[in-house]
2 protein chains.
Amino acid sequence: MEERVYNFSAGPAVLPVSVLKKAQEELLCLPGCGASILEISHRSKQFGEILAQTKANVRELLNVPENYKIMFLQGGSITQFALLPMNIIRNTNKAGDYIVTGTWSKKAASEAKTQGKVNVIWNGQDEKFVRKPSDAELQTSADAAYCYYCANETIEGIQFPTEPNVSVPLICDASSEIFSRPVQMEKYGVLFACAQKNAGPAGVTLVIMRDDFVEMSGADLPSMFSYKQLADKDSMLNTPPTFGIYMMKLVTEWLKEQGGLEVMRQKNVEKAQLLYDAIDASNGFYRVHGNKEFRSFMNVSFRLPTEELDKKFQEEAKAFKLASLGGHRSVGGERASIYNAMPREGVVALRDFMVDFAKKNA
Amino acid sequence: MEERVYNFSAGPAVLPVSVLKKAQEELLCLPGCGASILEISHRSKQFGEILAQTKANVRELLNVPENYKIMFLQGGSITQFALLPMNIIRNTNKAGDYIVTGTWSKKAASEAKTQGKVNVIWNGQDEKFVRKPSDAELQTSADAAYCYYCANETIEGIQFPTEPNVSVPLICDASSEIFSRPVQMEKYGVLFACAQKNAGPAGVTLVIMRDDFVEMSGADLPSMFSYKQLADKDSMLNTPPTFGIYMMKLVTEWLKEQGGLEVMRQKNVEKAQLLYDAIDASNGFYRVHGNKEFRSFMNVSFRLPTEELDKKFQEEAKAFKLASLGGHRSVGGERASIYNAMPREGVVALRDFMVDFAKKNA
């Protein structure tokens, strides 16, 4: 059997080995089914139990109050970028306030403009997306139905240290940090995340929505675009991505075994610190894009003095089983995504390689 | 290891055992990757090859001309029910002609009405959806951009013997019969199918679209709802359902090994005939819903003289490893879905059980 690498891909991304082994073991025959999870009806008793357990795990891990619906949808975050304003701006004749802190929140604001009034209440683009705003910089609009932000910008490698404080409900794209730390659910109208970074495979999007937001949905929308209809059918308006939900069940079970989200936060912060310490000790050989207090503990984005060295770094890393370290195609450089499932030893191996590479090439 | 059953689920549905074994074998480590298919970037070289190969297989099997795009989307068929009129009716100010032959085409017409003008040009509801129309019964509208139909109605168990002949391009929901027989692609503007019946797991929808239909898409739509934008990005506008596409690659490879779609058609017709012959020889003990010449060779829907016998039938079948024979919750009775991956011996086992059960209970 081929050896596994340390996979720093930004997404789809590393999953816990124990989760993969369990899925592998059951792939031909889910216990009690006589068939694969890939083959059983979404209306079967067995899948019903998987769906219910996954929801219960999510509710427990994120401490989700009872007045929030938990849904498993399709189409990734960019579909949510459209559905949120389609349901909540267009239908209520209100506006959406957007905090633009990087590529993904900029994209969300741009998609929202196809649906109605968008107020960009803070934009970090002129500063080259090196930081997140302070609460004092955020003034929500009089007609705002919500204030949208992206908790962690994977491309720029910057993260909100904590939820912003504003006077309207928050909508958060938590795609690249879901389950990496506790959240204050009460602040949210909606929290959503595609699964393929920290929660499972590509093809399922977790949407947690407060009941009043569910009720705002447009009755005139096609059923698959109406949160109300999706929520009323408990993610089963049509066949949901059954395998993705099953995988999220295994991942959330693993997270509970790890001790929950405060434990994960501590582990994640410590892993990230190993890399940032090496970067800060490199006398500028490695450079981080974002300002220090906003550095992401999920996506460590950095670059070397020249593009030739970037290339050499990624090439030589492969010999140490350190894979997928290339930065996003829009910015280049390096990006080490160190999600929940990246073990500490993978980060230590990368840190050691970085220290050694800097010594030889500085 | 638990024994596998013969799984007659209407979808998610049986997959070829060799496909499941291959996926299982590679689940921890895709050859050459050092990581699972669930963990690798959709922008990786390895996934790029999987996507290209899956497209090539689909093009070869269905004999798709070069002026058609092949896309792998999310959200199932009901999302397509909305996107098609959203892009093609609303944007062109034309109408959509709909042939309503059962639950699924009725649903498609209903979703389309949220987006613009819909002409139901034939409706089998008053006849209780027992047949498909003849060409002579179909008169397309002067303003029709397309004529929509559902090739196989899974719930009513009726199927078009061949494509209808009309004067505008066809749009076909082929969800429950894709890859079960050859198609005449030139007749189609769009052919689409969710994967979870005959092509793979839930969570990926195959959309084959002629270039002029792609070009009709609305430029003002959110990106994930615009066929033009989806097609231009070759299913990679955002992270596609990578595992579903990988599974469709394995399924289409298996279909090629079987000898292609004409071979599958013959096998499927023969399998269905085994069941219909037993039904016709049962002196009315088993009754089929649809008219004889429109009986589906994918979903054999039937019922017994009483609901008590329906229940007893399904219960006793389990002892013979014959599973998921319940009809759709909207109609009850029995449904044996015998897609490509259902082996002949499974159908023979069901036929033998049916003959025996009728003898004992008639």
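Because the structure is predicted, anything quoted here is derived from the model rather than measured. (Residues numbered from 1 in each chain as written. Chains lettered and ligands numbered in written order. Predicted model: local features only at pLDDT ≥ 70, side-chain atom pairs only at ≥ 80, totals over all residues. Heavy atoms only, no water.)

A.B. asks: Could you clarify how one ought to interpret the relation of the copies chain A and chain B in this entry?
C.D. replies: Both copies of the chain are related through a single rotation about an axis accompanied by a shift along the same axis. Note on the copies: chain A fits chain B at an RMSD of 0.0 Å, the axial shift is 0.0 Å, and the rotation between them is 180°. Expressed as an axis order, the relation between the two copies is that of a two-fold axis. Minimal C-alpha distance to the rotation axis in chain A is attained by Q24 of chain A, lying at 2.7 Å. By residue overlap, the copies meet face to face through one surface: 100% of the interface positions of chain A are interface positions in chain B. (Least-squares fit on C-alpha atoms with pLDDT ≥ 70 in both. Contact = heavy atoms within 4.5 Å.)

A.B. asks: When you look at the pairing of strand 9 (residues 188-194) of chain A in this model, what are you seeing that I'm missing?
C.D. replies: Remark: a regular strand shows side chains that alternate across the two faces of the sheet. Residues and elements named next belong to chain A. Taking burial as the measure, the seven residues of strand 9 include seven buried ones, the bulk of the element. Both strand 8 (residues 170-173) and strand 9 contribute to a ladder of four bridges, which runs parallel. By the bridge assignment for strand 9, I171 is matched with V190. Of the pairings in the sheet, the one linking strand 9 to strand 10 (residues 205-210) comprises five bridges and is antiparallel in character. Pairing of V190 across the sheet is with M209, part of strand 10. (Buried < 20%, exposed > 50% of the residue type's maximum accessible area, 1.4 Å probe, protein only. Helix = DSSP H or I, 4+ residues; strand = E, 2+ residues; numbered from the N terminus. Pairing = 2+ DSSP bridges.)

A.B. asks: Explain the side chain of Q24 of chain B to me, please; I cannot follow it from the model alone.
C.D. replies: Here Q24 of chain B shows up in helix 1 (residues 17-26). A relative accessible area of 18% means that Q24 of chain B is categorised as buried. Contact partners of Q24 of chain B, with chain neighbours within four places excluded, come to Q24, E25, L27 and L28 of chain A.

A.B. asks: Honestly, the packing of helix 7 (residues 242-258) of chain A against helix 8 (residues 261-280) of chain A in this entry has me stumped. Any pointers?
C.D. replies: Helix-helix packing: each pair is described by the crossing angle between the helix axes and the interaxial distance. Residues and elements named next belong to chain A. Where helix 7 contacts helix 8, the two axes come as close as 8 Å, and the packing angle between them is 85°. On the basis of the axis angle, helix 7 is roughly perpendicular to helix 8. On helix 8, the residues touching W254, L255 and Q258 of helix 7 are V263, M264 and K267. Partitioned by chemical class, the residues of the contact of helix 7 with helix 8 number four nonpolar, one polar and one charged. (Axes fitted to C-alpha atoms, helices over the stretch in contact; angles between N-to-C directions. Parallel < 35°, antiparallel > 145°, perpendicular 65-115°, else oblique. Nonpolar A, V, L, I, M, F, W, Y, C, P; charged D, E, K, R; others polar.)

A.B. asks: I tried to follow helix 10 (residues 344-361) of chain A on my own but got confused; where do I start?
C.D. replies: Three- or four-residue spacings in an α-helix give side chains the same orientation, since the helix completes a turn every 3.6 residues. All names here are of chain A. Given a rise of 1.5 Å per residue, 18 residues ought to cover 26 Å, and the 25 Å separating the end C-alpha atoms of helix 10 matches this to within 8%. Listed as buried for helix 10 are G346, V347, V348, L350, F353, M354, F357, A358 and N361. Its buried side turned inward, helix 10 meets strand 1 (6-7), helix 8, strand 12 (299-303), helix 9 (307-317), strand 13 (322-323) and strand 14 (334-337). (Expected span 1.5 Å × (residues − 1).)

A.B. asks: I keep staring at the interface of chain A and chain B and nothing clicks. Help me out?
C.D. replies: When the parts of a complex come together, some accessible area is lost, and that lost area is often used as the size of the interface. Chain A puts 67 residues into the contact, and the matching count from chain B is 67 residues. Considering only the surface of chain A that becomes buried against chain B, L28, L38 and E39 of chain A emerge as the three largest contributors, covering 15% of it. Summed over the shared surface of chain A and chain B, the result is two salt bridges. Close ionic contact of E39 of chain A with R4 of chain B constitutes a salt bridge, the shortest N to O distance being 2.9 Å. The tally of links between chain A and chain B comes to 19 residue pairs in polar contact (both at pLDDT 80 or more). Looking at the side of chain A that touches chain B, the elements with two or more residues in it are helix 1 (17-26), helix 3 (76-92), helix 4 (103-112) and helix 7 of chain A. Per-element tally for the side of chain A that touches chain B: the top contributor is helix 3 of chain A, with eight residues. Taken together, the residues of the side of chain A that touches chain B sort by class into 33 nonpolar, 22 polar and twelve charged. (Buried area = accessible area lost by both parts, 1.4 Å probe. Salt bridge = Lys/Arg side-chain N within 4 Å of Asp/Glu carboxyl O. Polar contact = N/O pair within 3.5 Å; in protein donor to acceptor, adjacent residues only side chain to side chain.)

A.B. asks: Looking at this structure, I do not really get the sheet that holds strand 12 (residues 299-303) of chain B. What am I missing?
C.D. replies: The strands that make up a sheet pair up through hydrogen bonds in the backbone, lying either parallel or antiparallel. Residue and element names in this part refer to chain B. On the basis of which strands lie adjacent, the open sheet formed by three strands has the order 11-12-14 and antiparallel pairing. With one partner strand each, in any of the chains shown, strand 11 (287-288) and strand 14 (334-337) form the two edges of the open sheet. Across two bridges, the pairing between strand 11 and strand 12 is antiparallel. Each bridged residue has a counterpart across the sheet, and for R287 the counterpart in strand 12 is R303.

A.B. asks: I'm lost on empty space enclosed by the protein in this one. Help?
C.D. replies: Scanning the model with the defined rule gives five cavities of 30 Å³ or more in all. Roughly 330 Å³ of volume is contained in the largest cavity. If you go around the largest cavity, you meet 31 residues; those closest to its centre are Q74 and G75 of chain A together with Q74, G75 and T79 of chain B. Those elements that provide at least two residues to the lining of the largest cavity are strand 2 (68-73) and helix 3 of chain A together with strand 2 (68-73) and helix 3 (76-92) of chain B. When residues of the lining of the largest cavity are assigned to their parent elements, the largest contribution, three residues, is made by helix 3 of chain A. When the residues that make up the lining of the largest cavity are grouped by side-chain class, the tally is 19 nonpolar, twelve polar and no charged. In terms of lining, the second largest cavity is formed by 13 residues, of which the most central are A202, F243 and G244 of chain A together with A202 and G244 of chain B. (1 Å grid on protein atoms, 1.4 Å probe; cavity = no way out; pocket = protein on both sides within 12 Å on 5 of 7 lines; lining within 4 Å. Points joined across faces, edges and corners; volume = space filled by probe spheres on them.)

A.B. asks: Help me understand the pairing of strand 3 (residues 95-100) of chain A in this model?
C.D. replies: All names here are of chain A. Within strand 3, six of the six residues are buried, leaving the element largely enclosed by the surrounding structure. Sheet topology places strand 3 next to strand 5 (residues 144-150); four bridges connect them, and they run parallel. Residue pairing for strand 5: A95 is matched across the bridge by A144. Here five bridges tie strand 3 to strand 4 (residues 118-123), and the two strands are oriented parallel to one another. Bridging across to strand 4, G96 finds its partner in V118. Running through helix 4, the crossover from strand 3 to the neighbouring parallel element strand 4 is right-handed. (Right-handed = clockwise from strand over helix to strand, strands pointing away.)

A.B. asks: In this structure, what is going on with the packing of aromatic side chains? I would like to understand it.
C.D. replies: Considering all chains together, one arrives at 35 aromatic pairs over all chains under this definition. Ring geometry for Y286 of chain B against F302 of chain B: centres 5.6 Å apart, planes inclined by 90°, an arrangement best described as edge-to-face. Here Y286 of chain B is found in the loop between helix 8 (261-280) and strand 11, whereas its partner F302 of chain B is found in strand 12, with 16 residues between them in sequence. The same class applies to Y286 of chain B and to F302 of chain B, which are both buried. Joined through ring pairs, the aromatic side chains of F285, Y286, F302, F313, F320, F353 and F357 of chain A make up one cluster. A cation over an aromatic ring shows up here: K321 of chain A above the ring of Y6 of chain A, its NZ or CZ 5.6 Å from the ring centre. (Phe/Tyr/Trp six-rings, centres within 6.5 Å; stacked < 30°, edge-to-face > 60°. Lys NZ or Arg CZ within 6 Å of the ring centre and 35° of its normal.)

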